[in-house]
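Tertiary structure, described
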Amino acid sequence: MTPFRAVLRVLLASAVAFAISIPFASVRSTAEAGFTFDLRPAGTIAGVVAAAAILGELVRLAGRYLGPGAPRDARPPFALPAKARGAALAAAALLVALVPLWSGSGTVTMATEAMIFAVIAVGLQITIGMAGLLVLGHAGFWAVGAYTYGLLTIHLGWSFWPAMAAGGVAAAAMGFMVGLPALRLRGDYLAVVTLGFGEAVRAVLKNENKWTGGDANLPSNLVPGQLRGVQGEIGQWIWQPYGTPGRNGDYECYLTALGLLALCIFSVVRLARSREGRALFALREDETAAKCMGVDTVRTKLLAFTSSAMWAGLAGALTAVQRDSLNPELFDFNTSILFVAMVVLGGLGSVAGAVLGAGALWILPPLLQDWFEDITLYRPLVIGALMAGMMVVRPEGLLGSRSRKAAG
Amino acid sequence: MIQTLWDGFVQGALYAVVALGYTMVYGILMLINFAHGEVMMLGAYAGVVTLAGLAGSGAMASLGLPLCLCGAVLASMGVAACYGFVVERVAYRPLRGAGSLSPLISAIGVSIVLQNFVMLTQGNAPIYVPGADKAWQDALTGGWTAGPLSVQPTDALIVAVCVLLMAGLWLFVQKTRIGTAMRATSQDRVMARLVGIDVDRVISATFVIGSALAAVAGVLTSLLTMQAKFDMGFLLGMKAFVAAVLGGIGNIPGAMLGGLLLGLVEAAGIYGLRADYKDVYAFGLLLVVLIARPRGLLGERVAEKV
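Residues numbered from 1 in each chain as written. Chains lettered and ligands numbered in written order. Predicted model: local features only at pLDDT ≥ 70, side-chain atom pairs only at ≥ 80, totals over all residues. Heavy atoms only, no water.

A few points about the overall build of chain A
The helix and strand tally for chain A stands at 16 helices and 2 strands. Intrachain contacts of chain A at a sequence separation of at least 6 include 75% that bridge at least 24 residues. When the accessible surface of chain A is split by element, carbon and sulfur atoms take 67% of a total near 19,400 Å². (Helix = DSSP H or I, 4+ residues; strand = E, 2+ residues; numbered from the N terminus. Contact = heavy atoms within 4.5 Å. Areas by Shrake-Rupley, 256 points an atom, 1.4 Å probe, with all protein chains shown as cover.)

Description of the side chain of B:Asp155
In this structure, B:Asp155 sits in helix H7 (residues 153–175). Setting aside its immediate chain neighbours within four residues, B:Asp155 contacts B:Trp6, B:Asp7, B:Val10 and B:Leu224.

Structural notes on the interface of chain A and chain B
The partner chain B presents 57 residues to the 55 residues of chain A that form the contact. Here chain A meets chain B over a buried area of about 4,800 Å², counting both sides, of which 75% is carbon and sulfur. The largest per-residue losses of area from chain A upon contact with chain B belong to A:Phe24, A:Tyr189 and A:Val192, which jointly make up 16% of the total buried on that side. The interface formed by chain A and chain B includes 0 salt bridges. For the interface between chain A and chain B, the tally reads 0 residue pairs in polar contact (both at pLDDT 80 or more). Those elements giving two or more residues to the side of chain A that touches chain B turn out to be helix H1 (3–26), strand E1 (27–30), strand E2 (34–37), helix H7 (187–207), helix H14 (333–346) and helix H16 (375–393) of chain A. (Buried area = accessible area lost by both parts, 1.4 Å probe. Salt bridge = Lys/Arg side-chain N within 4 Å of Asp/Glu carboxyl O. Polar contact = N/O pair within 3.5 Å; in protein donor to acceptor, adjacent residues only side chain to side chain.)

Section: the packing of aromatic side chains
Evaluated as defined, the whole model comprises 11 aromatic pairs over all chains. Seen in terms of ring centroids, A:Trp142 and A:Phe339 are 5.5 Å apart; in terms of plane orientation they differ by 75°. Their pairing is edge-to-face. Separated by 197 residues along the polypeptide, A:Trp142 in helix H5 (residues 138–155) and A:Phe339 in helix H14 bring together distant segments of the chain. Considered together, A:Trp142 and A:Phe339 belong to a single accessibility category, that of buried residues. Judged by centre distance (5.8 Å) and plane angle (65°), the ring pair of B:Tyr22 and B:Phe241 falls under edge-to-face. With B:Tyr22 in helix H1 (residues 2–29) and B:Phe241 in helix H11 (residues 232–247), the pair connects residues that are 219 residues apart, well separated along the chain. Taking the relative accessible area as the measure of exposure, B:Tyr22 reaches 1% and is therefore buried. By relative accessible area, B:Phe241 is classed as buried at 1%. Of the aromatic side chains, those joined through ring pairs into one cluster are A:Phe117, A:Trp142, A:Tyr147, A:Phe331, A:Phe339 and A:Trp362. (Phe/Tyr/Trp six-rings, centres within 6.5 Å; stacked < 30°, edge-to-face > 60°. Buried < 20%, exposed > 50% of the residue type's maximum accessible area, 1.4 Å probe, protein only.)

Looking at the nonpolar core
Within the largest apolar cluster, 208 residues are counted, with the highest numbers of intra-cluster contacts made by A:Leu134, A:Leu136, A:Met387 and B:Phe34. At 16 residues, H1(B) tops the list of elements feeding residues into this core. Taken together, domain 1 (3–66) and domain 2 (84–393) of chain A each give at least three residues to this core, which thus spans both. Residues contacting A:Met387, with those up to four places away along its chain left out, are A:Ile337, A:Val340, A:Ala341, B:Ile105, B:Ile108, B:Gly109 and B:Ile112. (Core = buried A, V, L, I, M, F, W, Y, C linked by side-chain atoms within 4.5 Å. Domains from an automatic or database assignment.)

What to know about empty space enclosed by the protein
All names here are of chain A. A full pass over the atoms with the stated rule returns 2 cavities of 30 Å³ or more. Taken as a whole, the largest cavity encloses approximately 50 Å³ of empty space. Taken together, Leu136, Gly137, Ala139, Gly140, Leu195, Gly198, Glu199, Phe331, Asp332, Phe333 and Ser336 form the lining of the largest cavity. For the lining of the largest cavity, the elements supplying multiple residues, two or more each, are H5, H7 and H14. No other element matches H7, which puts 3 residues into the lining of the largest cavity. Considering only residue class, the lining of the largest cavity consists of 5 nonpolar, 4 polar and 2 charged. Each pocket or cavity is described by its volume, and for the second largest cavity that value is around 40 Å³. Put simply, the parts of the chain that give the lining of the second largest cavity at least two residues each are helix H4 (105–130) and helix H13 (297–323). Counted by class, the lining of the second largest cavity contains 3 nonpolar, 2 polar and 2 charged residues. (1 Å grid on protein atoms, 1.4 Å probe; cavity = no way out; pocket = protein on both sides within 12 Å on 5 of 7 lines; lining within 4 Å. Points joined across faces, edges and corners; volume = space filled by probe spheres on them. Nonpolar A, V, L, I, M, F, W, Y, C, P; charged D, E, K, R; others polar.)

Structure representation (structure tokens):
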């Protein structure tokens, strides 16, 4: 409450951090000399924790004056009338579509990746943010889409659009199947089931290398260089007038990703405002109450799973083209966690939040690299701390709506 | 065949001890403590570092191995108990009564933080148990052979310690005052508070005990593989959770049964099916259990309270 309390909390946090980090940060065993002991790393950790705690207190303070209070569906003060908003969005999309004309190929690649991740994050928002079902193996659906695309184009010679659609359908079917056993369960079992699904997909991709390429001991890449073979079919008429900036095919990927993201945002926003979407939110708030109000929980959960997996699958197909080669290690547990972090950071249930989260977590670290060299090393740590810290300090995320759960 | 099953049994005993921590916490908070596997890993590190330090300074030769092992286990229990306590205070207690999604996400965040914390401070290469030390070689060579089965001293130690721990926990929960309070809290938290049980203290105690048990399991695991690595906890933790579900979550004998069964099933899968899918069998088993008997082998059907 009072500033004094806040200061006390910060001091306590850094003291505890100092004490418990000593065994790991300060003690090292060496074969020759037994222990070496150095208190400085623990001191550094205490300092970082103090800084984080101060930040947390500030956010908490800000949240007290700005945060809850406001009714849930209040329009933001800067909202434009619907028509003007549509026009503004279209103009923004057009502007983004033209960006590659004057930016380097590195930027285009990164932006494409960020948009692909945004599609996945917005899709994942359906299960985690709206329905409140934690999915810890979303990278598995992404992988299913990517490898379906790769296998169909390389082994069967399919062209881009049908193979991409097939990737989406395959992932959606997988989502349906993973969702089925989960129907009878509380949400937290589901997290472990989906985690197992993600691991299983990765194990299959790694071990069945007759199809997915490579040797068991090598990263089993799907034959590189072949995925781009179909790029020309994506739509020559789109980029021909501009020439092709950067690497061959980058601009097609960029535009396709933009189009997919636009479609994804549009349909998920529509979903959120539809009867089904309201049912999803009801499920998140209180499953029993939702059931009593006549929500068909089985149908609604399956809908959430299937559609969210479908978006990951479509994004996966695009990833296959864009990266030009696939490796099972790309789709590991850390990637699934990255997706969850994107959703959590932006705000549970908020589509704009998911886009923001995806952009922030994918674009910020490389940008900060000049300033802080070891950032890739510390990224997982920071993501984990953000997830936990966000839940404690501001569970609704940066842009989320606060869920009003009665304490129980 | 018998050898594979025995190895599975040893692994299963370790799953069982870790599963106890999951099942106790779940029984009271209805929360999967994703950080539990990492706490086990922290315990393993603390134990191995202590052992290596003792061996490196020559103390192992003079004190003898059993005393050093006891010291390492105690050190790791202490460290892990501290972490368990702090994790609950920092990441779970503020979220009590905040729905079921936020504590889960917070738990995953904590798990990632702990894992990367150890990776950054202790390096991403494994650290090794000083098996080359003379005291070690003297104490832990040999073993017993019976037909096709050969039992290493480490295996025997692991099984013995795990059985002791389970029996000890069972007595603790059944006979002591705080154990009774734990059972009451897991039955009905609100009612427990009404009859004067300090629920927050009981929950803290649960985390401390579960973490200390996990630390022992961690040290034993690193004796089995002779190393500790920063990512050893997560998958093992998840499998232990599967074991807890298999036996009926919230049920202490169930966790023991589930752990042993899971170890055997994995061994059977490695022997009879394919070894390169060994990490998948546990999750397959989880699916089967959740579809066929969601309350687990020994679990009771619980009506959902509204």
